[in-house]
Amino acid sequence: MTYFFYICTFVLLLIFQTTVMPYFPLFDRFYDLLAPFVIYLGLFRSVRESIPIIIIFGFIMDNLSGGPLGLYLTTYLWLFASVRWVITILRVRDNVLLPFVVAAGVLLENIIFMGAITMFESGSRFSQADFSTVAVQVLWALVTGPIFLIFFKYLHQRWDKWSGEILGSPTS
Amino acid sequence: MIPKKMVVIIGVIVLIAANIIALSVTSRRHASFGSGRIALSFAAPFQKAVTRSIRFARGLWKHYFLTVSVAQESYKYKKALGLAQQQNNQLRELKLTNVRLRNLLDFQKTMTNQVLAAEAIGKDPSQWYKTIIIDKGKDEGVAKGMAVVVPEGIVGQVMDVSAHNSKVLLIIDPNSAVDALIQRTRARGVIKGGSSGRCLFKYVLRKHDVGVGERVVSSGMDGVFPKGLAVGRVAGVIRRSSGIFQEVTVTPFVDFEKLEEVLVVLSPPKH
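Residues numbered from 1 in each chain as written. Chains lettered and ligands numbered in written order. Predicted model: local features only at pLDDT ≥ 70, side-chain atom pairs only at ≥ 80, totals over all residues.

A. Quick peek at the overall build of chain B. Assigned secondary structure in chain B consists of two helices and twelve strands. In chain B, the order of α-helices and β-strands from amino to carboxyl end is α-α-β-β-β-β-β-β-β-β-β-β-β-β. Classification of the 271 residues of chain B by burial places 28% in the buried group. For chain B, the share of sequence-separated contacts (at least 6 apart) that also reach a separation of at least 24 residues comes to 56%. (Helix = DSSP H or I, 4+ residues; strand = E, 2+ residues; numbered from the N terminus. Buried ≥ 20, exposed ≤ 12 C-beta atoms within 10 Å, placed from the backbone. Contact = placed C-beta atoms within 7 Å.)

What follows is the structure, encoded as structure tokens:
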């Protein structure tokens, strides 16, 4: 049931990101909505549960994007690994640090993408507008990132409770 | 002696006559002798109060129902207005769609190649890569490498196909390449995706004369895009003192943020 929740959330985020958001100029430079989801998995869920989900979602994203195959997959796995590492040294589950975790995650994702573009596309150069896009994304992440994390957590708890009632036993 | 009965009769007649005379006198003069004012002063305030109360109650009653009916009417009108606005928006949207499709149809007629109309249904999830998803795929005859165009110019190239959907690499993506030439001077080069929605016109020799504002069209030499399709307009030229090429920036004619319907060129261009 938990995996079903992940799939529903992923589909919703994906549709919102690729179909709904382009209609709103305000979200022109919004960050990847899957990034806070991966961060949520890293912060609050187990490695065994998260890894298959990240692999599947990363693979789907790779197939929808024009980037090299595996770029999203690598990015998400690195993002997940970074979050798992950070929680061993910092108490980032506190709400105070959440904005910075999401912002750092979005920054990391952009750095990986920029690195990939630099490496795989000959003669590629980054303009002022590209750096400005990264800055705007990080700012968006600072402001809205924790809301997503709290929302995912709340929704997941509700889902677990609801599925537990339906199936008559608590779900993992 | 006059009988008593007769006295009573005469008295009554006199009283009636006196009464008639008095009435006829008062009816001509309208005199009140001050009593009228007193009576009026006494009764008028009550009359006034009662009259006003009645009128107030009647007014309240009338206004209440009027207000209710007005409110109902207002609600009805608001609903009607909302519906009308909604219909108006739909009609406006239909009109715009109609104009777009008409342009597309006109353009389709001018194309010598066989084309297929498709709708853009999704955008690349990444900010760094520029692709769109269209609602036509293998089953409709779309294949990898086919050109995608709109009346304004070249959109891109099909890079991935599923049964009913395809992924189109836009010409503003860094991975895209279109063989093109300056329409006036026929200077040849390759259009590649740049930053901020612009393209770079690469490998244009320094000896060629390229001016800002000139039209760039497809050369048809890449085997993907038909010859003569509009690509964009030259936005900037940098000719360095060294090197054999010049740096040319091109602003595409297509507004990629507003792409809704596109045409997939099904048959390859004829050389």
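B. Summary view of the overall build of chain A. Across its full length, chain A holds six helices and zero strands. Secondary structure elements in chain A, listed N-terminal to C-terminal, are α-α-α-α-α-α. In chain A, which comprises 172 residues, the share counted as buried stands at 31%. Considering only residue pairs separated by 6 or more positions, chain A has 69% of its internal contacts joining residues 24 or more positions apart.

C. The interface of chain A and chain B, seen in detail. Each partner contributes residues to the interface: chain A has 20 residues there, and chain B has 18 residues. Elements with a contribution of two residues or more to the side of chain A that touches chain B: helix 1 (2-20), helix 3 (47-64), helix 5 (98-120) and helix 6 (128-167) of chain A. Take the side of chain A that touches chain B: its biggest share by element is four residues, from helix 1 of chain A. Partitioned by chemical class, the residues of the side of chain A that touches chain B number seven nonpolar, nine polar and four charged. (Nonpolar A, V, L, I, M, F, W, Y, C, P; charged D, E, K, R; others polar.)

D. Local environment of the sheet that holds strand 4 (residues 153-161) of chain B. All names here are of chain B. Strands sit in the order 1-2-5-4-3-12 around a closed barrel of six strands; the barrel is antiparallel. The sheet shows a mean angle of 45° between the axes of neighbouring strands, taken without regard to direction. Here strand 4 pairs with strand 5 (residues 166-170) via five bridges, running antiparallel. Note that in strand 5 the partner of Val158 across the bridge is Val168. (Pairing = 2+ DSSP bridges. Axes fitted to C-alpha atoms, helices over the stretch in contact; angles between N-to-C directions.)

E. Spotlight on the packing of helix 2 (residues 34-44) of chain A against helix 3 of chain A. Residues and elements named next belong to chain A. As a packed pair, helix 2 and helix 3 sit with axes 10 Å apart at the nearest point and diverge in direction by 170°. Taken as axis vectors, helix 2 and helix 3 run roughly antiparallel relative to one another. The chirality of how helix 2 crosses helix 3 is left-handed. Residue-level contacts link Leu34, Val38, Leu41 and Gly42 of helix 2 to Ser50, Ile53, Ile54, Phe57 and Met61 of helix 3. Among the residues forming the contact of helix 2 with helix 3, the class breakdown is seven nonpolar, two polar and no charged. (Parallel < 35°, antiparallel > 145°, perpendicular 65-115°, else oblique. Left-handed = near helix turned anticlockwise from the far one by under 90°.)

F. Main features of helix 2 of chain A. All names here are of chain A. Judged by how many residues are buried, helix 2 sits mostly within the fold: ten of eleven residues are covered. Within helix 2 the residues assigned to the buried category are Leu34, Ala35, Pro36, Phe37, Val38, Ile39, Tyr40, Leu41, Gly42 and Leu43. Summarising the contacts, the buried residues of helix 2 are in contact with helix 1, helix 3, helix 4 (71-89), helix 5 and helix 6.

G. Fine view of the sheet that holds strand 9 (residues 215-218) of chain B. Residue and element names in this part refer to chain B. The sheet built from six strands closes into a barrel, its strands ordered 6-7-8-11-10-9 with antiparallel pairing. Recorded for the sheet is a direction-independent mean angle of 40° between the axes of neighbouring strands. As judged from the three bridges shared by strand 6 (residues 177-182) and strand 9, these two strands associate in the antiparallel manner. For Leu181, the partnering residue across the bridge sits in strand 9 and is Val217.

H. Region of interest: the nonpolar core. Residues Val149, Val155, Val231, Val262 and Val264 of chain B are the most contacted members of the largest nonpolar core, which totals 47 residues. Sequence-distant contacts of Val231 of chain B, that is, excluding residues within four places in its chain, are made with Gly153, Ile154, Val178, Ala180, Ile191, Val216, Val217, Ser218, Val250 and Pro252 of chain B. (Core = buried A, V, L, I, M, F, W, Y, C linked by C-beta atoms within 7 Å.)

I. Local environment of the pairing of strand 9 of chain B. Of the strand pairs in this sheet, strand 9 of chain B and strand 10 (residues 230-238) of chain B are connected by three bridges, and their pairing is antiparallel. Residue pairing in the sheet places Arg215 of chain B in a bridge with Arg233 of chain B of strand 10 of chain B.

J. Representation of the pairing of strand 8 (residues 199-205) of chain B in the model. Residues and elements named next belong to chain B. Sheet analysis places strand 7 (residues 188-193) next to strand 8, joined by four bridges and oriented antiparallel. Looking across to strand 8, one finds that Lys192 is bridged to Leu200. Remark: five residues form the turn of the hairpin made by strand 7 and strand 8, two consecutive strands paired antiparallel; Ser196 in that turn has positive phi of roughly 55°. As defined by bridge partners, strand 8 adjoins strand 11 (residues 245-252) across five bridges and the pair is classed as antiparallel. Residue pairing for strand 11: Leu205 is matched across the bridge by Phe245.

K. Fine view of the packing of helix 4 of chain A against helix 5 of chain A. All names here are of chain A. Running from amino to carboxyl end, helix 4 crosses helix 5 at an angle of 145°, the nearest separation of the two axes being 10 Å. Between helix 4 and helix 5 lies a crossing whose hand is right-handed. On helix 5, the residues touching Leu71, Thr74, Thr75, Trp78, Leu79, Ser82, Val83 and Val86 of helix 4 are Val101, Gly105, Leu108, Glu109, Ile112, Phe113 and Ala116. Of the residues that constitute the contact of helix 4 with helix 5, the class distribution is ten nonpolar, four polar and one charged.

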